[in-house]
Amino acid sequence: MEEPVTEQPAPPPAQGEEEHLSLALANSAVALPGGRTLDLIGTPAQANHWLTLRGLAPVDAGMREMCAAQLRSLREQIRSLFAARTDGVPALPAAVAAVNDAMTRVPTAPLLRWDDKTGPYRTAPHPTTAIVDLALATLAADAADLLTSPEAERLTACGSPPCNRFLLRHGRRHWCSTRCGDRARAARAYARRTEQR
């Protein structure tokens, strides 16, 4: 059983997270040494903060557990799709359906509103569920775009166990961070030393 970690700083963004919000979402649950995990969207407040930092929700969205659970569920489906892509295996139909469902939950156009003083205007609805639906649709569309783009060839899992993050590979680098790269090099050096004995 993995022990959740609440008071630990988030690791630096993996390569590609800044261009692809879905990659950042997939990496919002980080496996740490010692069987611990860091969940950046584990509570409604953390989920609201994560969405706010990425421009997907206002600070005062009032996220509830149901909304945070939807975000965590989409994260797991996107992780499943990324893992299938990097492993070269068929995707789970449920993961594909979850991404498609998230993309089709919101209207594609802002709704018409009418203010008695200023007249008609168009805007997206702003109850919390509409904010979350729009965020989920944005994240799902980004995942679909990434998986169908030429960049998908560069999608890889971090090569430093126990890390479970994904990144867009540049050159030969297969680690999501310097820390993971150092850990992988240290493990290889240790294996060489023990092999020589």
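This text follows the structure it describes.
Figured I'd write up the structure that's included with this text. Bear in mind that the values here come from a model prediction, so they are computed numbers and not experimental data.

## Structural notes on the overall build of the chain
Move 1: Check the secondary structure of the chain and you find 6 helices and 7 strands.
Move 2: In the chain, the order of α-helices and β-strands from amino to carboxyl end is β-α-β-β-α-α-α-β-β-α-β-β-α.
Move 3: Projected onto its principal axes, the C-alpha coordinates of the chain cover approximately 85 × 35 × 25 Å.
Move 4: Looking at the chain as a whole, 38% of its 197 residues are labelled buried.
Move 5: Counted over contacts in the chain with a minimum sequence separation of 6, partners at least 24 positions apart contribute 57%.

## A closer look at the pairing of strand β3 (residues 36–39)
Move 1: Where strand β2 (residues 29–32) meets β3, 4 bridges bridge the pair, whose relative direction is antiparallel. Within β3, the residue paired with alanine 29 across the bridge is aspartate 39.
Move 2: The hairpin formed by β2 and β3 contains 3 residues between the paired strands, and glycine 34 there has a positive phi angle of roughly 85°.

## Examining the environment of tryptophan 114
Move 1: Take tryptophan 114: it is sitting in strand β4 (residues 111–115).
Move 2: In contact with tryptophan 114, not counting residues within four places along its chain, are Gly119, Pro120 and Tyr121.

## Considerations on the pattern of salt bridges
Move 1: In the structure shown here, the tally under the stated rule is 7 salt bridges.
Move 2: Of the charged contacts, one joins arginine 75 and aspartate 39 as a salt bridge, the two residues approaching to 2.7 Å between their closest N and O atoms. With arginine 75 in helix α3 (residues 65–87) and aspartate 39 in strand β3, this residue pair connects regions lying 36 residues apart in the sequence.
Move 3: A salt bridge links glutamate 153 to arginine 85, with the nearest nitrogen and oxygen atoms 2.9 Å apart. Taken together, the residues glutamate 153 in the loop between α5 (128–148) and β6 (155–157) and arginine 85 in helix α3 connect sequence positions 68 residues apart.
Move 4: By relative accessible area, arginine 85 is classed as partly exposed at 31%.
Move 5: Salt bridges sharing partners connect three or more residues here, namely Asp39, Arg75 and Glu76.

## Observations regarding the nonpolar core
Move 1: Core analysis: the biggest nonpolar cluster contains 33 residues, and Leu25, Leu51, Leu71, Leu74, Ile78, Phe82 and Leu139 have the highest contact counts within it.
Move 2: Sort the elements by how many residues they give to this core and α5 lands first, with 8 residues.
Move 3: Apart from residues lying up to four places away in sequence, leucine 25 is in contact with Ile41, Trp50, Leu71, Leu74, Arg75, Ile78 and Leu139.
Move 4: Cys158, Cys163, Cys176 and Cys180 belong to the second-largest nonpolar core, a separate cluster that totals 7 residues.

## Overview of the packing of helix α2 (residues 44–53) against α3
Move 1: Where α2 meets α3, the closest approach of the two axes is 8 Å, and the angle between their N-to-C directions is 60°. Viewed along their axes, α2 and α3 adopt a mutual orientation that is oblique. Every pair of crossing elements has a handedness; the one defined by α2 and α3 is left-handed. Residues Pro44, Ala47 and Leu51 of α2 pack against Glu65, Ala68 and Leu71 of α3.
Move 2: For the contact of α2 with α3, the class distribution of residues is 5 nonpolar, no polar and 1 charged.

## Some details on the environment of glutamate 151
Move 1: Mapped onto the fold, glutamate 151 is located in the loop between α5 and β6.
Move 2: Counting along the chain gives 64 residues from glutamate 151 to aspartate 87, while the straight-line C-alpha distance between them is 15 Å.
Move 3: Sequence-distant contacts of glutamate 151, defined by excluding residues within four places in its chain, comprise His20, Leu146 and Leu168.

The rules behind each value
- Residues numbered from 1 in each chain as written.
- Predicted model: local features only at pLDDT ≥ 70, side-chain atom pairs only at ≥ 80, totals over all residues.
- Heavy atoms only, no water.
- Helix = DSSP H or I, 4+ residues; strand = E, 2+ residues; numbered from the N terminus.
- Buried < 20%, exposed > 50% of the residue type's maximum accessible area, 1.4 Å probe, protein only.
- Contact = heavy atoms within 4.5 Å.
- Pairing = 2+ DSSP bridges.
- Salt bridge = Lys/Arg side-chain N within 4 Å of Asp/Glu carboxyl O.
- Core = buried A, V, L, I, M, F, W, Y, C linked by side-chain atoms within 4.5 Å.
- Axes fitted to C-alpha atoms, helices over the stretch in contact; angles between N-to-C directions.
- Parallel < 35°, antiparallel > 145°, perpendicular 65-115°, else oblique.
- Left-handed = near helix turned anticlockwise from the far one by under 90°.
- Nonpolar A, V, L, I, M, F, W, Y, C, P; charged D, E, K, R; others polar.

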